[in-house]
Amino acid sequence: MRIATWNVNSVKAHLDAVLAWLKEAKPDVVCLQEIKCEDHAFPAFEFEALGYSCAVHGQKTYNGVALLSRYALEDVEKGLPGGDGDDHARFIAATVVGPAVVRVASLYLPNGNPAPGPKYDYKLAWMKRLEAYARKALLQEEAFVLAGDFNVIPEPRDARFPENWTRDALFLPQTRAAFSALKSIGLTDGYRAVHPLKTGAYSFWDYQAGAWQKDNGILIDHLLLSPQAADRLTGADIHKHVRGWEKPSDHVPVMITLK
DNA sequence: ATGGTAGCGGTGCTA
């Protein structure tokens, strides 16, 4: 079973690229972020025509997450628990009932810039909430995957120019520590488990200043696996070529394979 | 320190 995550930076603006990639890569489950539309405006018909079911947690203009699946999506959960007034659409989870059963979450973790400040406080609080969610989920002892744009550069090797990011919310020590703490409760980074020594692997290149042409990228789109999911992990790949397509998202898909 | 680009929506915010 192939499970991918992709921040599409508006599902409507980049629909052609999304559909082309689905036909090419044939993922079974896709976690989308930054769909930037409300539920009623989500192009479900186009995805259903390719054989996907959809679960959508959208909002106007900003954020918005969704799940696409070739198999049935059950027990859809919208919003990360513990919000208390948090109205950003950044989290959706559902159980994929296919040849194997796996619960999948599509998440769009807050960017957090500028740091320090209220946006950074929100990011760190959101990471705490995600850790609490994951701790609870681990008690089920079932396969699950937390996939999305984490807006975290975990290590210096995950940036082409790490020195450019030292004061950025994506790379601050507190951010990296929170991500490390999240993994340490018992989650496996899917891409890193398959490619432990790889360098120069990125999932995002800014539109500005020719970042793509210079390969000035960062790896911020991740898939974290429960032990039961990690036991089934057989592959992981970054679909870098998609960034070179016409009118691309600034992120590319990252996909894992579970047996 | 600034500006570089993109999407949304029709101005400035978010990234």
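Scroll up to find the structure.
Residues numbered from 1 in each chain as written. Chains lettered and ligands numbered in written order. Predicted model: local features only at pLDDT ≥ 70, side-chain atom pairs only at ≥ 80, totals over all residues. Heavy atoms only, no water.

Caption draft 1: Spotlight on the protein's contact with DNA strand B. Not every one of the 16 residues close to DNA strand B is listed here, only the nearest: Ser10, His14, Thr61, Lys119 and Gln208. Contact between DNA strand B and Tyr207: a sugar or linking oxygen at 3.5 Å from a main-chain N or O atom of the residue. Within the side chain of Lys247, one N or O atom sits 3.4 Å away from a phosphate oxygen of DNA strand B. Considered class by class, the residues forming the surface near DNA strand B number five nonpolar, six polar and five charged. (Near = heavy atom within 4 Å. Polar contact = N/O pair within 3.5 Å; in protein donor to acceptor, adjacent residues only side chain to side chain. Nonpolar A, V, L, I, M, F, W, Y, C, P; charged D, E, K, R; others polar.)

Caption draft 2: Quick peek at unusual backbone geometry. Residue Pro114 is bonded to the preceding Asn113 through a cis peptide linkage, with omega at -5°. Along the polypeptide, Pro114 turns up in the loop between β7 (101-108) and α3 (118-138). Unlike most non-glycine residues, Asp75 shows phi in positive territory, near 50°. Looking at the element boundaries, Asp75 is found in strand β5 (residues 72-78). Taking relative accessible area as the criterion, Asp75 reaches 58% and is therefore assigned exposed. Here the phi dihedral of Asp84 falls at roughly 55°; this positive angle occurs in a residue that is not glycine. Checked against the element boundaries, Asp84 lands in the loop between β5 and β6 (91-97). (Helix = DSSP H or I, 4+ residues; strand = E, 2+ residues; numbered from the N terminus. Buried < 20%, exposed > 50% of the residue type's maximum accessible area, 1.4 Å probe, protein only.)

Caption draft 3: Inspection of the sheet that holds strand β13 (residues 233-238) at higher detail. Spatially, the six strands line up as an open sheet ordered β3-β4-β2-β1-β14-β13, and their pairing is mixed. Looking at the sheet topology across the chains shown, the edges are occupied by β3 (53-57) and β13. Adjacent strand axes in the sheet meet at a mean angle of 15°, parallel and antiparallel pairs treated alike. As judged from the five bridges shared by β13 and strand β14 (residues 254-258), these two strands associate in the antiparallel manner. Considered in β14, the bridge of Asp237 is made with Met255. Most of the contacts of helix α1 (residues 15-25) go to strand β1 (residues 2-7), to which it runs at about 160°, and overall it touches β1, β2 (29-33), β4 (65-69) and β14. (Pairing = 2+ DSSP bridges. Axes fitted to C-alpha atoms, helices over the stretch in contact; angles between N-to-C directions. Contact = heavy atoms within 4.5 Å.)

Caption draft 4: Region of interest: the packing of α3 against helix α4 (residues 173-184). For the pair α3 and α4, the least separation of the axes is 10 Å and the interaxial angle reads 5°. Taken together, the axis directions place α3 and α4 in an arrangement best described as roughly parallel. In this structure, α3 contributes Tyr120, Lys123, Leu124, Met127, Leu130, Glu131 and Ala134 to the contact, and α4 contributes Gln174, Thr175, Ala178, Phe179, Ala181 and Leu182. (Parallel < 35°, antiparallel > 145°, perpendicular 65-115°, else oblique.)

Caption draft 5: Layout of the sheet that holds β6. Read from one edge of the open sheet, six strands run β5-β6-β7-β8-β12-β9, paired in mixed fashion. Every interior strand has two partners, whereas the edge strands, β5 and β9 (188-189), have only one. Where strand β8 (residues 144-149) lies against strand β12 (residues 221-225), five bridges are found, and the strand directions are antiparallel. The residue bridging Leu146 from the neighbouring strand is Leu224, located in β12.

Caption draft 6: Layout of the packing of aromatic side chains. If you walk through the whole model with that rule in mind, you get six aromatic pairs. Judged by centre distance (5.5 Å) and plane angle (75°), the ring pair of Phe150 and Phe179 falls under edge-to-face. Within this pair, whereas Phe150 is found in the loop between β8 and α4, its partner Phe179 is found in helix α4, the two being separated by 29 residues in sequence. Each member of the pair Phe150 and Phe179 is classed as buried. Note on Trp205 and Trp212: the rings are 4.9 Å apart at their centroids and 85° apart in plane angle, and the pair reads as edge-to-face. When its relative accessible area of 0% is taken as the criterion, Trp205 is described as buried. Linked through ring pairs, Tyr202, Trp205 and Trp212 together constitute an aromatic cluster. (Phe/Tyr/Trp six-rings, centres within 6.5 Å; stacked < 30°, edge-to-face > 60°.)

Caption draft 7: Broad picture of the pairing of β12. Here β12 lies mainly inside the structure; five of its five residues are buried. Here β12 shows no split at all, with Asp221, Leu223 and Leu225 on one side and His222 and Leu224 on the other all buried. Sheet topology note: the β9/β12 ladder contains two bridges and is antiparallel. Residue pairing in the sheet places Thr188 in a bridge with Leu225 of β12.

Caption draft 8: Quick peek at α4. For α4, built from twelve residues, the straight-helix expectation of 16 Å at 1.5 Å per residue is met to within 8% by its first-to-last C-alpha distance of 16 Å. When we look at burial in α4, the residues that qualify are Thr175, Phe179 and Leu182. Taken around the axis of α4, the buried residues stretch over an arc of 55°, which confines them to a single face. Away from its buried face, by an angle of more than 90 degrees, α4 presents the exposed residues Pro173, Gln174 and Ser184. On its buried face, α4 is in contact with α3, β9 and β12. Note on α4: the residue one or two positions beyond its end, Gly186, has a positive phi of about 130°. (Expected span 1.5 Å × (residues − 1). Arc of directions from axis to C-beta.)

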